[in-house]
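Read off the chains here:
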Amino acid sequence: MTFDRKIKIAPSILSADFANFGQEIQAIEDQGCDWVHVDVMDGHFVPNLTFGPATCKAIRPHIKTVMDVHLMIAPVDPYIEAFAEAGADIITAHIEAGPHIHRTLQAIRATGKQAGLAINPGTPAEALIPVLDLVDLVCVMTVNPGFGGQKFIHSQIDKVRSLRSMIGDRPVHIEIDGGITPETAPLVTAAGADVLVAGSGVFSGGSVAKPEVYGKNIAAIRAAAEAAQ
Ligand code: DX5
Ligand code: ZN
């Protein structure tokens, strides 16, 4: 993975057909997505359960782009190795998931994978300052994590702007997760984001039988995002 700040669209397979991940992934990649975002939830850190390393390992061969794994789990450290072995390219942990985020980020990097750090809507941007040299990606949550299809929280746009200036010249992506549509995408790319996760914004209205809808949704988000970058 080479670093650039070109807009990247990362559909979240949380909104895909869970019985058909292989074909869903092929459809979104054929339709032009840049990364595949994989939401892991534990029913403890967030009030919802999805899947773990075994599912990640099973879907890995279907992903030709980038496997972007978002861990909404606590604790995180005991599972890092398993997600690395499952083939994640980026492993993102939450700053709120435990008291030792510095150790967690070191552990992710020790596996040779890229380290992401996610931040909930209620956590201030400044909390990330001490560890910015240990991350490859910052994921700003623009919904409270746990479910797809929630409303974008506008108060997070200022946080994106602050993080962009705190990051400075470091090769760190700013990813936005939650409520991304062609209406909200330009607000965050204007503030400095370059990776846009979209679940319902990509999958709604489409299916593996109607993949062109995914393509239309991806293109609409990308066009709106690029126009504001
Ligand atoms: C929320 C997840 C998101 C979610 C986004 O907890 O981390 O990735 O799937 O879904 P939309 O785009 O529908 O808000
Ligand atoms: Zn996510």
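What you see as residue numbers is a count from 1 along each chain, following the sequence as written. Following the order in which they are written, the chains are lettered starting with A and the ligands numbered starting with 1. Given that the model is predicted, a residue must reach a pLDDT of at least 70 before its local features are reported, and side-chain atom pairs must reach 80 or more before they are shown or counted; all residues, however, enter totals for whole chains, interfaces and linings. Hydrogens are left out, water is left out, and the side-chain values use all remaining heavy atoms of the structure.

**Q** How do you make sense of the layout of surface pockets when you look at a structure like this?
**A** The gaps of empty space that remain are located by a probe, the size of a water molecule, rolled over the atoms. Definitions used for this entry: grid spacing 1 Å over protein atoms alone; cavity, a set of points where a 1.4 Å probe fits but cannot get out; pocket, an open set with protein on both sides within 12 Å along at least 5 of 7 lines; lining residue, one with an atom within 4 Å of a point. Grid points are joined across faces, edges and corners, and a volume is the space filled by probe spheres set on the points. In this structure, the largest pocket occupies an estimated 270 Å³ of space. Lining the largest pocket are 25 residues, and of these G148, G149, D177, G178 and G179 lie nearest its centre. Secondary structure elements with two or more residues in the lining of the largest pocket: β2 (36-41), β3 (67-72), β8 (195-198) and α7 (200-203). Under this grouping Gly is polar, as are all residues other than the nonpolar Ala, Val, Leu, Ile, Met, Phe, Trp, Tyr, Cys and Pro and the charged Asp, Glu, Lys and Arg. Partitioned by chemical class, the residues of the lining of the largest pocket number 10 nonpolar, 13 polar and two charged. For the second largest pocket, the full set of lining residues is M1, T2, D4, K6, I7, K8, D34, W35, V66 and H173. When grouped by side-chain class, the residues that make up the lining of the second largest pocket number four nonpolar, two polar and four charged. By definition, any uninterrupted DSSP run of H or I lasting at least four residues is a helix, any uninterrupted run of E lasting at least two residues is a strand, and each is numbered from the N terminus.

**Q** How do you make sense of the site of ligand 1 when you look at a structure like this?
**A** A single heavy atom is enough: if one lies within 4 Å of a molecule or strand, its residue is considered near that molecule or strand. Every one of the 20 residues lining ligand 1 counts as a neighbour, but D39, G146, D177, G199 and S200 are closest to it. By the criterion applied in these results, polar contacts are pairs of N or O atoms within 3.5 Å in which, for protein atoms, one can donate a hydrogen and the other can accept it, and in which residues neighboring in sequence qualify only through two side-chain atoms. In the environment of ligand 1, an oxygen atom lies 3.5 Å from a nitrogen or oxygen atom belonging to the side chain of H37. Residue G199 places a main-chain N or O atom 2.7 Å away from an oxygen atom belonging to ligand 1. In isolation ligand 1 exposes 380 Å². Once the protein is present, 100% of that is buried. Occupancy of a cavity or pocket is assigned to a molecule whenever over half of its atoms lie within 2 Å of that pocket's grid points. When each cavity is represented as a set of grid points, ligand 1 is found to reside in the largest pocket. Broken down by secondary-structure element, the contributors of at least two residues to the shell around ligand 1 are β2, β3 and β8. No other element matches the three residues that β2 contributes to the shell around ligand 1. Broken down by class, the residue content of the shell around ligand 1 amounts to eight nonpolar, 10 polar and two charged. In short, Shrake-Rupley with a 1.4 Å probe defines the accessible areas, and a residue's cover is counted only from the protein chains shown.

**Q** Explain the pairing of strand β6 (residues 137-141) here, please?
**A** Both faces of the sheet carry side chains from a regular strand, because those side chains alternate between them. Taking burial as the measure, the five residues of β6 include five buried ones, the bulk of the element. Under the scheme applied here, a residue whose accessible area is under 20% of the maximum for its type counts as buried, over 50% as exposed, and between as partly exposed, the area being computed with a 1.4 Å probe on protein chains only. Residues L137, C139 and M141 point to one face of β6 and V138 and V140 to the other, with burial holding for every one of them. Between the parallel elements β6 and strand β7 (residues 173-177), the chain passes through helix α5 (residues 157-167) in a crossover that is right-handed. The crossover handedness rule: strands pointing away from the viewer, path from first strand over the helix to second strand clockwise, crossover right-handed.

**Q** What should I look at first to understand the sheet that holds strand β4 (residues 90-94) in this one?
**A** Two strands pair if DSSP finds at least two bridges between them. The eight strands lie next to each other as β1-β8-β7-β6-β5-β4-β3-β2, forming an open sheet whose pairing is parallel. If you trace the sheet from one side to the other, it starts and ends with β1 (8-11) and β2, each paired once. Across the sheet, the mean angle from the axis of one strand to that of its neighbour is 25°, orientation sign disregarded. Two residues qualify as a contact provided that any one of their heavy atoms is within 4.5 Å of a heavy atom in the partner residue. Axis lines are fitted to C-alpha atoms, over the contacting stretch for helices. Their N-to-C directions set the angle, which ranges from 0 to 180 degrees. In the packing of helix α4 (residues 101-110) onto the sheet, the strands contacted are β4 and β5 (114-119), and the crossing angle to β5 comes to about 150°.

**Q** Whenever I open this one, the side chain of D194 confuses me. Can you help?
**A** In this fold, D194 is placed in the loop between α6 (185-190) and β8. Side-chain polar atoms of D194 contact the side chain of H173, separated by 2.7 Å. Here I174 takes part through its backbone nitrogen, which lies 2.8 Å from a polar atom of the side chain of D194. Other than its neighbours up to four places away in sequence, D194 contacts D4, R5, K6, I7, K8, H173, I174 and Q229.

**Q** Before we go on, may I ask you to explain unusual backbone geometry in this structure?
**A** In terms of backbone geometry, most residues other than glycine have negative phi values and most peptide bonds are trans. With an omega of 0°, the peptide bond running from A74 to P75 counts as cis. Positionally, P75 belongs in the loop between β3 and α3 (80-85).

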